[in-house]
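Chain and residue survey
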Protein chains: 2
Amino acid sequence: MVPHLRDYFDAFTRRDWQTLDPAAVDDPVRVALVGLGWFTREWALPGVQRSAFTEATVVTDVDAEAVATVAAEHDLVGLSTEEFRDGVAADQYDAVYVATPNAAHLEYVERAADRGKAVLCEKPLEATVDRAERAVAACEAAGVPLMVGYRMQTEPAVRRVKALLDEGFVGDVVHVHATMSQTMLGELTDATDQWRLDADQSGGCALMDLGVYPINTTRFLLDADPTRVFGHTRSEHVAFDAVDEHAAFQLAFPEDVHALCTVSQNAQHASRLEITGTEGRLVLDPAFYEREERAARIVRGGVAADLEFEPVHQLEEEAAYFGHHLLTDTAFHPDGRHALTDMRVLDAIYESAATGSPVSLSL
Amino acid sequence: MVPHLRDYFDAFTRRDWQTLDPAAVDDPVRVALVGLGWFTREWALPGVQRSAFTEATVVTDVDAEAVATVAAEHDLVGLSTEEFRDGVAADQYDAVYVATPNAAHLEYVERAADRGKAVLCEKPLEATVDRAERAVAACEAAGVPLMVGYRMQTEPAVRRVKALLDEGFVGDVVHVHATMSQTMLGELTDATDQWRLDADQSGGCALMDLGVYPINTTRFLLDADPTRVFGHTRSEHVAFDAVDEHAAFQLAFPEDVHALCTVSQNAQHASRLEITGTEGRLVLDPAFYEREERAARIVRGGVAADLEFEPVHQLEEEAAYFGHHLLTDTAFHPDGRHALTDMRVLDAIYESAATGSPVSLSL
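Every value quoted in this text rests on a predicted model; they were computed, and no experiment measured them. (Residues numbered from 1 in each chain as written. Chains lettered and ligands numbered in written order. Predicted model: local features only at pLDDT ≥ 70, side-chain atom pairs only at ≥ 80, totals over all residues.)

Quick look at the overall build of chain A
Secondary structure summary: chain A contains 12 helices and 15 strands in total. Expected size for 363 residues packed as a compact globule is a radius of gyration near 21 Å; at 20 Å, chain A falls within 12% of this value. Each of the three principal axes of chain A carries a C-alpha extent, and together these read 60 × 50 × 40 Å. The 363 residues of chain A split such that 54% are buried. Across chain A, the fraction of contacts at a sequence separation of at least 24, relative to all contacts at a separation of at least 6, is 69%. (Helix = DSSP H or I, 4+ residues; strand = E, 2+ residues; numbered from the N terminus. Rg over C-alpha atoms; globule rule 2.2 N^0.38 Å. Buried ≥ 20, exposed ≤ 12 C-beta atoms within 10 Å, placed from the backbone. Contact = placed C-beta atoms within 7 Å.)

Right, dumping it as structure tokens:
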């Protein structure tokens, strides 16, 4: 039986994970946002506000002026980081969104866990594997749910591609290519982002900031984890002296499926993921940036389709998933342990880049 | 000064290497074609016939029926391979095109060299590095010109992309992705192609037959040779028990530019090469097959252009380049020594696949 394509089209951007009627939610999850860089202000805060399952109530940052401005503009409680640490207004939020420099995630995750608040932490989970493990341990010890902000996992385009893989659209997956690049210093001029060039604050640059997209998205799509990695990093410009400007890496998944990935903080914008299988091919291009249009090309045998659709607000989807799963007491797919795997993969790629040899993972 | 785009458009498929007026050629290079598989019959023979600088005069193959059919249909001298070896009708050709199974190239190259005939040999040059070196040595000892059939090097789309790289269109090259795949047993059902599954005859399958395209095209475009490779091959279907069905490999070029490549003889058709630089991006898709349309997407800063153009007959271009350069006594770019580098790269990738470690090359 040929399925009705009208149903496929109608359901394309519908949330396949949603069991709770948004209109029936009277008490959305109240979120305190920690870290008011451009991404929080332009994407995460609007996302939390747009989602029916969440609302923003509190903001904090080391930058007092940013706190005052954002709090006033959105009618939120603005706290200094000292006030936040001391528990001021802690009864006004149920959950904490952490979007500080990577190496500050742990502190805020621990603080939230101590107070029994659920956590939505930006990726990568921390600057090092050790600190990421401590963040997960803190949440597990306190019994608070921890989600990591892999917004590709709630992006409908990615979920439809995953559904195609699951239904056998491409047959056996043969290999994956993924690339993500931007001119970081050209496009993102806000000074709050320069922590990415500080290895202590970030744990790395191209690989930590961008590499996590191809890695996690491929893991999510294939429903598998890499067993071996081989990678290379390099920097050619002085601004990137302390961190990796470019990276190229290869992930070996079970069944010997290889994903070949490149990322760069100083290259022409690119954002693409393609999966080639024995019977079909799936291409997301653009794939990874929140500010892009979405499109997918799907090919099977002699038939190809270019899918275009109205982009969702990716941070609204992510916040909605977070709030929805808290309200329904449902486990997150991208939880702390899931994110630890990415941290170990990233770490192994840096190790491979340093030694020049492939590194096996026992995840 | 903004250049005139009308000139760019008008010159797009014009041969930038051509110095001899085709209309002025009275005595084109007479070519004997050795090996009448589907590629020779459908592409190489028509290419030699179409080119103003070459003409087909003699054909030979181990299949007597194929020889009789092709010779009659095209009014050519048809020889058994024994007759060809014995020098029958040797005064009726100036050059030999070799398109036998890889492991038979050497024999025919040597035979041609012995008789002072120029050689156009299909790629890969032979089934092993050692035999390829012997083929080059035979031609050098006899003083006969040897060209290897890298038809991408005379494909206008590839040459325009190279010109863009040379003018600095993408700034510094950061990385390259390339993929080429087909369902060999589905699409190419002709029995004469099954030698590709015989390791002794072919030297390998996915990598030898397809891998040479991303390798050689990237070398040509970057005007550089890989210094280190890392690769992986695998076979999952019984037909490919003796050879590689799929391969994934990474080539490190000078300046730490990495090319990430995948090829497969049993996957959905794909054919793509993309180069990302600090300031621009060049994508050939489709890229590699003679039977495809041609298109290129070129991006620099905020401006993108999709280039479409009437495809040339790739084998006519290759044959014309071969004949033209013989008539003008000009050295070939893709000569025997150029091809030896690909053989060493292929060999190193197989070695890396066998050992699981990267392999350095001193070319």
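Still to come is the rest of the account.
What to know about the sheet that holds strand β3 (residues 77-80) of chain B
Residue and element names in this part refer to chain B. If you trace the six strands from one edge of the open sheet to the other, you get β3-β2-β1-β4-β5-β6, paired in parallel fashion. Lying at the two open borders of the sheet, with one neighbouring strand each, are β3 and β6 (146-148). Averaged over neighbouring strand pairs, the angle between their axes works out to 25° when direction is ignored. With four bridges connecting them, strand β1 (residues 29-34) and strand β4 (residues 95-98) associate as parallel partners. Following the sheet pairing, Leu33 is matched in β4 by Tyr97. Against the sheet, helix α3 (residues 64-74) makes contact with β2 (54-61) and β3, and its axis sits at roughly 170° relative to β3, the strand it touches most. (Pairing = 2+ DSSP bridges. Axes fitted to C-alpha atoms, helices over the stretch in contact; angles between N-to-C directions.)

Description of unusual backbone geometry
Glycine aside, residues mostly have negative phi, and peptide bonds are mostly found in the trans state. The omega torsion across Lys123(A) and Pro124(A) is -10°, close enough to zero to call that bond cis. Within the element layout of this structure, Pro124(A) appears in the loop between β5 (118-121) and α6 (129-142). Even without glycine at this site, Asp329(B) takes up a positive phi of about 55°. Overall, the presence of 7 C-beta atoms within 10 Å leaves Asp329(B) in the exposed class.

A short note on the domain arrangement of chain A
How big an interface is tends to be stated in terms of accessible area lost as the parts join. All names here are of chain A. Parsing chain A into structural domains produces domain 1 (17-149) and domain 2 (156-311 + 333-360). One C-alpha centre belongs to domain 1, the other to domain 2; they are set 25 Å apart. Contacts between the two partners involve 20 residues from domain 1 and, on the opposite side, 24 residues from domain 2. For the side of domain 1 that touches domain 2, the secondary structure elements donating two or more residues are α2 (38-50), α6 and β6 (146-148). Considering each element in turn, the side of domain 1 that touches domain 2 owes the most residues, six residues, to α6. (Domains from an automatic or database assignment.)

Section: the interface of chain A and chain B
Every contact between the two is made by 31 residues of chain A and, on the other side, 31 residues of chain B. Residue assignment for the side of chain A that touches chain B shows that the elements contributing at least two residues are β7 (173-183), β8 (228-234), β9 (246-253), β10 (257-264), β11 (266-277) and β12 (280-284) of chain A. For the side of chain A that touches chain B, the leading source of residues is β11(A), giving six residues. Classifying every residue of the side of chain A that touches chain B gives nine nonpolar, 18 polar and four charged. (Nonpolar A, V, L, I, M, F, W, Y, C, P; charged D, E, K, R; others polar.)

What about the sheet that holds strand β7 (residues 173-183) of chain B?
All names here are of chain B. With mixed pairing, nine strands are arranged side by side in an open sheet as β14-β13-β12-β11-β7-β10-β9-β8-β15. Edge strands, defined here as strands with exactly one partner in the open sheet, are β14 (303-308) and β15 (359-360). Relative to strand β8 (residues 228-234), helix α12 (residues 336-355) is tilted by about 65°, and along the sheet it contacts β8, β9 (246-253) and β15.

Overview of the relation of the copies chain A and chain B
The transformation that overlays chain A on chain B combines an axial shift of 0.0 Å with a rotation of 180°, and the residual RMSD is 0.0 Å. The transformation relating the two chain copies, once decomposed into turn and shift, fits a two-fold axis. When the interface residues of chain A are mapped onto chain B, 100% of them are again interface residues, pointing to one common binding face. (Least-squares fit on C-alpha atoms with pLDDT ≥ 70 in both.)

Describing the pairing of β11(A)
Residues and elements named next belong to chain A. The element β11 is extensively covered by neighbouring structure, given that 10 of its 12 residues are classed as buried. Taken together, the four bridges between β11 and β12 define a ladder with antiparallel strand orientation. Counterpart to Thr276 in the pairing with β12 is Arg281. Connecting β11 to the antiparallel partner β12 that follows it, the hairpin turn spans two residues.

Comments concerning the packing of helix α10 (residues 206-222) of chain B against α12(B)
Residue and element names in this part refer to chain B. It is at 10 Å that the axes of α10 and α12 come closest, and there the two elements cross at 115°. The way α10 lies across α12 gives a crossing that is right-handed. Listed contacts from α12 to Leu207, Met208, Gly211, Val212, Ile215 and Asn216 of α10 are Asp342, Val345, Leu346, Ile349 and Tyr350. Grouping the amino acids of the contact of α10 with α12 by side-chain chemistry returns eight nonpolar, two polar and one charged. (Left-handed = near helix turned anticlockwise from the far one by under 90°.)

Thoughts on the pairing of β8(A)
Residues and elements named next belong to chain A. With five of seven residues buried, β8 lies mostly within the body of the structure. Pairing between β8 and β9: seven bridges, direction antiparallel. By the bridge assignment for β9, Phe230 is matched with Gln250. Pairing analysis gives two bridges linking β8 to strand β15 (residues 359-360), with the strands arranged antiparallel. The residue of β15 that forms the bridge with Arg228 is Ser360.

Observations regarding the nonpolar core
The tendency in soluble globular proteins is for nonpolar side chains to be buried as a group. Within the largest apolar cluster, 215 residues are counted, with the highest numbers of intra-cluster contacts made by Leu33(A), Val109(A), Val119(A), Leu33(B), Val109(B) and Val119(B). Ignoring anything within four residues of it in the chain, the contact list for Val119(B) reads Ala95(B), Val96(B), Val98(B), Val109(B), Ala112(B), Ala113(B), Cys139(B), Val144(B) and Leu146(B). (Core = buried A, V, L, I, M, F, W, Y, C linked by C-beta atoms within 7 Å.)

Points about α6(A)
All names here are of chain A. With 14 residues, α6 should cover 20 Å at 1.5 Å per step; its first-to-last C-alpha distance of 20 Å lies within 8% of that length. For α6, every residue scored as buried is listed here: Ala132, Ala135, Val136, Ala138 and Cys139. Looking straight down α6, one finds that the buried residues subtend no more than 155° of arc, so they occupy a single side. Residues of α6 that are exposed and point over 90 degrees away from its buried face: Asp130 and Ala141. Contact partners of the buried residues in α6: α5 (105-114), β5, β6 and α12 (336-355). A positive phi of about 70° marks Gly143, the residue just after α6. (Expected span 1.5 Å × (residues − 1). Arc of directions from axis to C-beta.)

Quick notes on the packing of helix α2 (residues 38-50) of chain B against helix α11 (residues 314-327) of chain B
Residue and element names in this part refer to chain B. One way to put it is that α2 packs onto α11 with a least axis distance of 7 Å and a crossing angle of 55°. It follows from the interaxial angle that α2 and α11 lie oblique. For the element pair α2 and α11, the recorded crossing hand is right-handed. Two secondary-structure elements touch here, α2 through Trp43, Ala44, Pro46, Gly47, Val48 and Arg50 and α11 through Leu315, Glu316, Glu318 and Ala319. (Parallel < 35°, antiparallel > 145°, perpendicular 65-115°, else oblique.)

What about the environment of Glu308(A)?
Residues and elements named next belong to chain A. Looking at where Glu308 falls in the secondary structure, it is placed in strand β14 (residues 303-308). Its 10 C-beta neighbours within 10 Å are what place Glu308 among the exposed residues. Glu308 sits 15 residues away from Glu293 along the chain, and the two C-alpha atoms are 8.8 Å apart.

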